[in-house]
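Spelled out, the chains give:
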Amino acid sequence: PLCARLVCALKQPRPAEKADAADDATSQPLRLTTRASRRMATRAAAVGYCTSPTPLAKLLSSFAARRKIWKGNGSPVRSTYKALITPDWMQGRTTYGGLSAALCLEGARRTLSDEGRLDLPPLRSALLNFVDAAGGAVEIDASIVRCGKAMSTVTSSVFSEGKEGRACATSGTFVFGAPRLQSKVEATRLMTPPPATLPPPAECESIFAGRFEPPGPTVLFPPTFTQHTTSLLASGPGLATAASSGDLYVWVRWKGADAGGGVGEDVSPDVSLLALADVIPPASYALFDSVAPVSSMTWQINFLDPQPVSFEGGYWLIRTRAEHARHGYSSQNMELWGAGGIAAVSRQSVAIYA
């Protein structure tokens with residue numbers, strides 16, 4: 001099977017110099033012209049690039065309940081939590097979208113746990129709407145829409161203090177569902193798997209490798225949050241190469257992840273995977289002729305495997321395809337593959353400023 005062949009490819013010896021280059025590529029600003037490097041270094045210092053980064057597990061440990069509203073039977077209707085987003089998780093003036101989504105999910109999971117669902121059913125689907133900027137101290141409001149025997153639906157939003165007071169930055173709807181073992185329908189191999197000829201991570205370079213001129217004094221590229229991850233281009237055009245189409249395969253993983261891709265026993269695998277699944281730039285970035293800002297608007301993701309397994313070394317394989325780009329907006333389709341096959345599929349709409 002394809003995934004078995006990819007696993008075999010991952011077991012090839014990893015050249016030390018290649019691995020070091022790939023890991024370093026997203027943990028420090030890119031090599032630019034001397035003048036550009038000085039400008040980048042100044043901006044990097046200002047936003048906390050690579051200075052005391054806060055791992056995902058540590059950031060989530062700041063999650064704390066602030067208040068809860070209960071029903072008459074002692075079950076929560078709504079919970080509010082607080083968290084602190086450190087500067088190393090920023091993307092321009094706002095928080096990395098994958099982290100905002102993960103905070104929403106963490107709030108949803110904790111609220112369901114308060115309902116008495118200590119053994120939560122698997123996350124099946126999530127719909128995120130990225131509304132406004134967020135950073136620093138934030139609050140997460142989570143409300144149970146319905147808690148049934150098989151399926152539960154929770155809405156959860158991240159709020160941040162803005163110029164006009166408390167404002168919603170990211171909103172999400174999450175659906176959890178227990179397996180329906182009585183179903184007779186099973187079709188798990190309908191999607192075309194990745195090419196077996198894809199090179200393993202050891203033979204790939206960072207997707208951010210290259211010489212990029214920053215588009216302006218307030219834009220840092222690659223984004224600050226990328227210091228937490230490794231993203232290696234396995235196939236497809238590079239970023240900002242004025243390509244005629246965008247269809248990319250990218251190996252991704254958390255830096256410091258264990259062999260199974262985990263980032264800590266206190267971090268739920270679905271929270272970790274949701275945060276990682278949005279880590280690479282939109283596929284339409286390959287169509288750009290230079291670096292430019294982008295901003296996700298909506299993201300819908302379905303989790304197909306309730307217990308996905310990463311490839312060796314904690315790597316996952318993302319395929320992202322640009323479907324349409326016009327008038328400053330783009331649409332893309334994404335697939336997330338693990339050692340056991342397809343783990344998740346998603347669609348995303350993105351505002352582009354190129």
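What counts, and where the lines are drawn
- Residues numbered from 1 in each chain as written.
- Predicted model: local features only at pLDDT ≥ 70, side-chain atom pairs only at ≥ 80, totals over all residues.
- Heavy atoms only, no water.
- Buried < 20%, exposed > 50% of the residue type's maximum accessible area, 1.4 Å probe, protein only.
- Helix = DSSP H or I, 4+ residues; strand = E, 2+ residues; numbered from the N terminus.
- Pairing = 2+ DSSP bridges.
- Core = buried A, V, L, I, M, F, W, Y, C linked by side-chain atoms within 4.5 Å.
- Contact = heavy atoms within 4.5 Å.
- Polar contact = N/O pair within 3.5 Å; in protein donor to acceptor, adjacent residues only side chain to side chain.
- Expected span 1.5 Å × (residues − 1).

### Some points on the pairing of strand E14 (residues 329–338)
Here's step 1: Of all 10 residues that make up E14, 8 are buried, and the element is covered over most of its length.
Here's step 2: Connecting strand E13 (residues 316–326) to the next strand, E14, in antiparallel fashion are 2 residues, including His-327 with a positive phi near 55 degrees.
Here's step 3: Pairing of E14 with strand E15 (residues 341–352) involves 10 bridges; the strand directions are antiparallel. What sits directly across from Met-334, in E15, is Ser-346.
Here's step 4: Following E14, the chain reverses through 2 residues before pairing antiparallel with E15.

### Observations regarding the nonpolar core
Here's step 1: Core analysis: the largest hydrophobic core is formed by 69 residues, its most contacted members being Trp-89, Leu-103 and Phe-174.
Here's step 2: By residue number, the principal contributor to this core is helix H5 (residues 97–114), which donates 8 residues.
Here's step 3: Formed by 12 residues, the second largest nonpolar core is a distinct cluster that contains Cys-204, Leu-232, Ala-234 and Tyr-249.

### Overview of the environment of Phe-130
Here's step 1: Within the secondary structure, Phe-130 sits in strand E5 (residues 123–130).
Here's step 2: Look at Phe-130 and you get buried, because its relative accessible area is 15%.
Here's step 3: A C-alpha to C-alpha distance of 6.3 Å links Phe-130 and Ala-169, two positions 39 residues apart in sequence.
Here's step 4: Once you skip the residues sitting within four places of it in the chain, Phe-130 turns out to touch Gly-97, Ala-169, Thr-170, Ser-296, Met-297, Thr-298 and Trp-299.

### Topic: the side chain of Arg-109
Here's step 1: Note that Arg-109 resides in helix H5.
Here's step 2: By relative accessible area, which is 19% here, Arg-109 ends up buried.
Here's step 3: Side-chain polar atoms of Arg-109 contact the side chain of Asp-270, separated by 3.0 Å.
Here's step 4: If we skip the residues at most four places from it in the chain, Arg-109 touches Leu-120, Phe-176, Ser-268, Asp-270 and Val-271.

### A look at H5
Here's step 1: Under the 1.5 Å per step criterion, the end-to-end length of H5 is 26 Å for 18 residues, consistent within 8% with the ideal 26 Å.
Here's step 2: Most of H5 is tucked away: 15 of the 18 residues are buried.

### With respect to the side chain of Ser-157
Here's step 1: With respect to the helices and strands, the residue Ser-157 is situated in strand E7 (residues 151–162).
Here's step 2: The contacts of Ser-157, once residues within four sequence positions are left out, are Cys-104, Glu-139, Ile-140, Asp-141, Cys-168, Thr-170, Ser-171 and Gly-172.

### A look at the pairing of E7
Here is the key point about a regular strand: its side chains alternate between the two faces of the sheet.
Here's step 1: Both strand E6 (residues 136–147) and E7 contribute to a ladder of 9 bridges, which runs antiparallel. Bridging from a neighbouring strand, Ser-143 pairs with Thr-155 of E7.
Here's step 2: In this structure, the hairpin formed by E6 and E7 is closed by a connection of 3 residues.
Here's step 3: One ladder, built from 12 bridges, connects E7 with strand E8 (residues 165–177); its direction is antiparallel. Paired with Ser-157 across the two strands is Ser-171, which belongs to E8.

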